[in-house]
Amino acid sequence: MSENHQGIITKIEQQEKNKSRYSVYVDHQFAFGISEDLLVKFRLLKGKEIDSSVMEKIVLEEEQHKANNYAFKLLSYRGRTKQEMEIKLREKGYEASVVEKTIGFLQSNNYINDEDFASSYIRDKVNIQKLGKMRIKQELYQKGIDKNIIQEAISEQIDPEEELETALNLGRKKLDSAYRNDDKNAQYRKLGSFLQRKGFDYDVIKKVLHVLLK
């Protein structure tokens, strides 16, 4: 379609599978699908003249509209980091320019915020899963959070004394249940491995083993 091509909208019909979308026909040929919002925005009506530059603009804006809606769908399931959202949008097949605009839109409206995500993630992992900071750091790093953001959030959200108390409580429960019939060497080895898997650092593990198995 050349830049100067002119056409007439000959039909606009509601799509059966999605009532909020419409199919637009130009010169009796299907030209593009469009959301109801954009249909109103561009004031598209049967019999209206339209040229290729306008159609290209509509198609690009429609693609952006789809990408934004897909991002909102993802966020309805759970929060996402910037990197996670970028990966999902690329996997969906959106062009880099569309992905960049969607990310910018989400950030400017605070729909995605890596600082807030990190703080919320740490609270959940500490309070619900009882994880140590080493594992939490690794998980956040894998989600694309900047190391400085992670460190700041860890410092704000995790109190060293509370983390040690959590590790001690987990250790006591293991010694009273799964490891209760093991000899001290086995308890020492198994408890150390367990706490390491939970993400506690060497200093915390050393203190727990000293207190519980001295």
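Use the structure listed above.
Residues numbered from 1 in each chain as written. Predicted model: local features only at pLDDT ≥ 70, side-chain atom pairs only at ≥ 80, totals over all residues. Heavy atoms only, no water.

J.: I would appreciate a short explanation of the sheet that holds strand E3 (residues 29-35) in the present structure.
T.: Strand pairing in a sheet takes place through backbone hydrogen bonds and is either antiparallel or parallel in direction. One open sheet accounts for four strands, arranged E3-E2-E1-E4; its pairing is antiparallel. Edge positions in the open sheet fall to E3 and strand E4 (49-51), since each of these has one partner strand only. Looking at each pair of strands side by side, their axes are set apart by 45 degrees on average, direction ignored. In this sheet, E4 lies alongside strand E1 (residues 6-14) in antiparallel orientation, the contact comprising three bridges. Counted as the bridge partner of Gln 6 is Asp 51 from E4. The sheet strands contacting helix H2 (residues 52-77) are strand E2 (21-26), E3 and E4, and the helix crosses E3 at an angle near 40 degrees. (Pairing = 2+ DSSP bridges. Helix = DSSP H or I, 4+ residues; strand = E, 2+ residues; numbered from the N terminus. Axes fitted to C-alpha atoms, helices over the stretch in contact; angles between N-to-C directions. Contact = heavy atoms within 4.5 Å.)

J.: In this structure, what is going on with helix H10 (residues 202-213)? I would like to understand it.
T.: One turn of an α-helix holds 3.6 residues; hence residues three or four places apart share an orientation. Compared with an ideal rise of 1.5 Å per residue, which puts twelve residues at 16 Å, H10 spans 16 Å between its outermost C-alpha atoms and is within 8% of the ideal. Taken together, the buried positions of H10 are Val 204, Ile 205, Val 208, Leu 209 and Leu 213. The buried residues of H10 occupy an angular sector of 130 degrees when the element is viewed end-on, so they sit on one face. Across from the buried face of H10, at angles greater than 90 degrees, the exposed residues are Lys 206 and His 210. On the buried face of H10, the contacting elements are helix H8 (160-176) and helix H9 (184-197). (Expected span 1.5 Å × (residues − 1). Buried < 20%, exposed > 50% of the residue type's maximum accessible area, 1.4 Å probe, protein only. Arc of directions from axis to C-beta.)

J.: How do you make sense of a nonpolar patch on the surface when you look at a structure like this?
T.: A cluster of nonpolar side chains, Phe 72, Phe 105 and Tyr 111, forms an exposed patch at the surface whose accessible area comes to about 260 Å². Along the chain, the position of Phe 105 falls in helix H4 (residues 96-108). (Patch = residues over 30% accessible without salt bridge, like charges linked within 9 Å, V, L, I, M, F, W, Y side chains within 5 Å. Areas by Shrake-Rupley, 256 points an atom, 1.4 Å probe, with all protein chains shown as cover. Salt bridge = Lys/Arg side-chain N within 4 Å of Asp/Glu carboxyl O.)

J.: Can you walk me through H2 in this structure?
T.: In this model H2 runs 38 Å from its N-terminal to its C-terminal C-alpha over 26 residues, within 8% of the 38 Å that 1.5 Å per residue would give. Looking at H2, one finds that the buried residues are Ser 52, Met 55, Ile 58, Glu 62, Gln 64, Ala 67, Asn 68, Tyr 70, Ala 71, Leu 74 and Leu 75. Those residues of H2 that are buried are in contact with E2, E3, helix H1 (36-41), E4, helix H3 (82-91) and H4.

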